[in-house]
Amino acid sequence: MDVLRGLLSLIILALDIWAIVHVVRSRTDTTKKVLWVLLIAVLPVLGLIIWVFMGPRSASSSAGLR
C-alpha cells in the first residue's frame, strides 16, 4: 500500500511540475502566471484539475477554437 501511495504522489508531483512549466512558458501576463503557479503549488491535485480546464492556452491550441 505504501508503494502505491508513493507512486501516486510521484505521478502527481510530475504532473504538477509539467503544469507549472507550461504556465511559465505561456504567453499570459506575469501576474496570472504567478497566481496559477501558486494555485498548483498550494493545492496540487485540485490546482492541477482547475488548470487543465481553465488555465492559459498556448497559441496553437487556441487557434483551432476560433
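Residues numbered from 1 in each chain as written. Predicted model: local features only at pLDDT ≥ 70, side-chain atom pairs only at ≥ 80, totals over all residues. Heavy atoms only, no water.

Asker: What am I meant to see in the nonpolar core here?
Answerer: Most often, soluble globular proteins have nonpolar side chains that are buried together. Among the nonpolar cores identified, the biggest contains 6 residues, and these are A19, V23, W36, I40, L48 and W51. Every element with two or more residues in this core is listed here: α1 (2-25), α2 (30-42) and α3 (44-54). When residues no more than four places from it in sequence are discounted, the contact partners of A19 are I40, L48 and W51. (Core = buried A, V, L, I, M, F, W, Y, C linked by side-chain atoms within 4.5 Å. Buried < 20%, exposed > 50% of the residue type's maximum accessible area, 1.4 Å probe, protein only. Helix = DSSP H or I, 4+ residues; strand = E, 2+ residues; numbered from the N terminus. Contact = heavy atoms within 4.5 Å.)

Asker: What's the story with the packing of α1 against α2 in this structure? I'm lost.
Answerer: Between two packed helices, the angle of one axis relative to the other and the distance separating the axes together describe the packing. Contact geometry of α1 with α2 gives a least axis separation of 9 Å together with a crossing angle of 175°. Accordingly, the angle class assigned to the pair α1 and α2 is roughly antiparallel. In this structure, α1 contributes D16, A19, I20, V23 and V24 to the contact, and α2 contributes K33, W36, V37 and I40. Residue composition of the contact of α1 with α2, grouped by class: 7 nonpolar, no polar and 2 charged. (Axes fitted to C-alpha atoms, helices over the stretch in contact; angles between N-to-C directions. Parallel < 35°, antiparallel > 145°, perpendicular 65-115°, else oblique. Nonpolar A, V, L, I, M, F, W, Y, C, P; charged D, E, K, R; others polar.)

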